[in-house]
Structure formats: structure tokens, C-alpha cells
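# Residue-level structure breakdown
These are the residues of each chain, in order.
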Amino acid sequence: MSPEPDAAPAPSLTLADAGPPPLPADRGPLSAAVLGALRHAEPSRPPAGLSDARSADPWGEDAQLALYVCYELHYRGFAGVDDGWEWSPALLALRGRLERAFLAALRREVGEPPPLAAVLADLLAEPPDGDGPSHHLLAAGTRQQAREYLAHRSLYHLKEADPQMWAVPRLPNPAKAALVAVQYDEYGAGRPERAHAELFAAMMADFGLDPAYGGYLDVVPAPALAVVNTMSLFGLHRALRGALVGQFAAVEITSPPGAARLAAAFERLGASPRGTLFYREHVLADAVHEQLVRHTVIEPLLTGTPDRPGAPDRPAAEIAFGALAYTRVEDRLADHLMTAWRSGRGSLCRPLPPPSELAPTRTQLEGSPR
Ligand SMILES: [Fe+2]
Ligand SMILES: [Fe+2]
């Protein structure tokens, strides 16, 4: 995707040297067991609290944070945590219990998926009476609510496209080649300063937020963690590669109208051009990506025989499940945000400090005219 001709000057890189984030505080016995283990220098030490994984609410703060922390070891890890924990058998065993509970909850939530064609058609139909967060932010949202929204979204968008990369070696060609073509755009099409994660970091800075990777993990509640955990769950399991393709398709199909609303909302709330570029870029890019994902990723997977090497089992049903599971976790986050905002409450675990009280950022953000 070539940049818009009138695009604002891109910021210089903000994320490359930020380093891994600090460990968050625990939210219950499971996350305490995981975090307690990670603070230990010896990666083979088994985390305590294994027996609690089965009875915990898979949507709850404790289980979602524990799962998020386990997954983050496969991305950038945490400051002061030994990289060897990524493949600790004891920690992987605990993660497996958390994942099985979460996946079962997602399958219960979705039920038996309808035919894939109906699922994709539903996603393409923008509801005329939408009342979710992007509608609210456009019509009546405050700047503080926009800042909260960005903090929630920062956990994914500062590593945008990373969870979907796990699927690349797991897909047969030509679906693999098509997925990589989309991912090339997500990472800036050869221009690191245009990577979508970088555009998001610039938008955060424009709203007086710290764009450091993972910097808001401690204040982001379970509904937003579940959105990212769904992608990591699908991405990290070869058996779920069909669901990952469905999740990816759901994002690309539904993104353009919401991105257009958010760009307009943030402009109304006083954002500078760099504070809307991320969403303006997605209005254009995802209209193209949606076509690529549907016609060059999904269709080749469906036309292959079920036992074709690399093709998922029950490909259509699994793609439909992934798209619907992602829609459900997004709906849960939207409900959480709107319930909080309608009752005059903040939507994060703790209020954000006003921009003037920001601590020095872990990153350096500088304008860099091109
Ligand atoms: Fe993107
Ligand atoms: Fe995209």
C-alpha cells in the first residue's frame, strides 16, 4: 500500500529501542504464580498454583493476565526475566491449562458456526444502528475516553501483525504468499517508519500517552487482554491455523468503517495529523487487505482437499469459528467500554494520569520531516 499523497510527516522510530516492558502486578493466584516464577532466576522452577487453573473463570482478570504474560514470553518478554522461561515445561503446562479453558469458553460462546459464506457476508454488512465505541467516540466521546481507548488497544497495535506471523509457515502456498503480502504492508512495506505499530505509537504520543511497548499492561482489564490472547492462542497453535485465518479476515473486513469513524472522532477531539494517520491509513489499506484475505488466503484453503499438507482440518468451519470468536471478544470489549462510559466511569483498571503528569517515556519520540 503506497502512502497517502497528503500524509503527514511520519515520526521517526519510537519502538525499536524501547526494550521489553516491566512485569505487571498480579490479579489473583494464577497470575501471582506465573509472575512469581518469572521473577525467579531459574527457568526450570515450576510455578506454584497449577491446580487453580481449572477452576478459574477463563474470562476473569486473573486467568487473562496469566495467559497474556505467558504469551508475551514469545514476543518481547519482560525486563529482567530470563529468556529461557519461554520454553519452560512447567510454565508451558500451566499455559496449556489456561488455553484449554479459554478455547473451550470461546467454542461455547460461538457454538456450531454457520456456513463460512454467511459469516463473511455478515461481517461485510455494517449495521446501520451501530452504537459501539467508535460511534460513541465520534458522536460524543471525550478526549480522556479516546486516551483510554488507545491504552486498551496499545497492547495489540504496538505489536500489530505479530500474532498473525506465527501462521505463515503453517499455511500451504498460495495462501502463505498472500498472507505475507498483507503482512508486508502491516510492517510498513519496506519503510519501518510506516509500520502500523509505529503509526499507532505516534498517535499515542499525540494524545499524551507513553508509546512504550506494553506500557499499559498494568491498567488494561481482562476484556481487552482477551482480544490479544485470542490472536496469540490461534497464532501459536498449528491446529488452530484455520481459526487464525478467520480472525485475520474478520479484522480486515470490519476495519475500514470503524477506522474512518475513529479518524474523524480523533480529529474532532483535537488530534494533529499524526494523531489520525494510523486510522486514515487503515481505511485505505484494509479495504485492499480485505479483498486479498478473502480471495487469495481463504479461497485457496477451501479449494484444497481436506488432507492437503498444511490445510487446516474442516477449513471452512474453523475459519468461520475464528472469525466469530474474534467478533465475540471484540463485542465483550465494546460492552465493557460502553458500560463504563455510559455510567460515567473510566474503563481501565486505574485512571490514566493527565498528559501533563506523564513520567518520562521509555522511548524517544522525535519529529522527522520527510
Ligand atoms: Fe494494520
Ligand atoms: Fe490490514
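For the structure itself, look to the data block above.
The shown structure was predicted, so the numbers you read here are calculated from the model rather than taken from an experiment.

Cut-offs and rules
- Residues numbered from 1 in each chain as written.
- Chains lettered and ligands numbered in written order.
- Predicted model: local features only at pLDDT ≥ 70, side-chain atom pairs only at ≥ 80, totals over all residues.
- Helix = DSSP H or I, 4+ residues; strand = E, 2+ residues; numbered from the N terminus.
- Contact = placed C-beta atoms within 7 Å.
- Axes fitted to C-alpha atoms, helices over the stretch in contact; angles between N-to-C directions.
- Parallel < 35°, antiparallel > 145°, perpendicular 65-115°, else oblique.
- Left-handed = near helix turned anticlockwise from the far one by under 90°.
- Nonpolar A, V, L, I, M, F, W, Y, C, P; charged D, E, K, R; others polar.
- Buried ≥ 20, exposed ≤ 12 C-beta atoms within 10 Å, placed from the backbone.
- Arc of directions from axis to C-beta.
- Core = buried A, V, L, I, M, F, W, Y, C linked by C-beta atoms within 7 Å.

## Describing the overall build of the protein chain
Broken down by element type, the protein chain carries 13 helices and zero strands. In sequence order, the protein chain lays out its α and β elements as α-α-α-α-α-α-α-α-α-α-α-α-α. At a minimum sequence separation of 6, the contacts of the protein chain that also span at least 24 residues come to 82%.

## What to know about the packing of helix α1 (residues 29-38) against helix α2 (residues 61-72)
With their axes 7 Å apart at the nearest point, α1 and α2 run at an angle of 25° to one another. The angle between the axes of α1 and α2 places the two elements in the roughly parallel class. The hand of the α1/α2 crossing is left-handed. Together, Pro 29, Leu 30, Ser 31, Val 34 and Leu 35 of α1 and Asp 62, Ala 63, Leu 65, Ala 66, Val 69 and Cys 70 of α2 make up the contact between the two elements. Partitioning the contact of α1 with α2 into residue classes produces nine nonpolar, one polar and one charged.

## Some thoughts on unusual backbone geometry
Residues other than glycine predominantly adopt negative phi, and peptide bonds predominantly adopt the trans conformation. A cis amide bond links Asn 173 to the next residue, Pro 174, at an omega of 10°. Structurally, the position occupied by Pro 174 is in the loop between α7 (162-165) and α8 (175-186). If you check the backbone angles, Ala 161 has positive phi at about 85° while not being a glycine. Mapped onto the elements of the fold, Ala 161 is located in the loop between α6 (143-157) and α7. Residue Ala 161 is classed as partly exposed on the basis of its 19 C-beta neighbours within 10 Å. Its identity as a non-glycine residue notwithstanding, Ala 189 has a phi of 50°, on the positive side.

## Describing helix α4 (residues 116-124)
All of the buried residues along α4 are Leu 116, Val 119, Leu 120 and Leu 123. An end-on view of α4 places all buried positions within 95° of arc, on one side of the element. For α4, the exposed residues lying more than 90 degrees away from the buried face are Ala 117, Ala 118 and Ala 121. Taken together, the buried residues of α4 touch α11 (241-268), α12 (277-303) and α13 (315-342).

## Some thoughts on the nonpolar core
Residues Val 34, Ala 66, Cys 70, Val 245, Ala 249 and Ala 323 are the most contacted members of the largest nonpolar core, which totals 101 residues. Looking at which element gives the most residues to this core, the answer is α11, with 13 residues. If we skip the residues at most four places from it in the chain, Ala 66 touches Leu 30, Ser 31, Val 34 and Leu 98.

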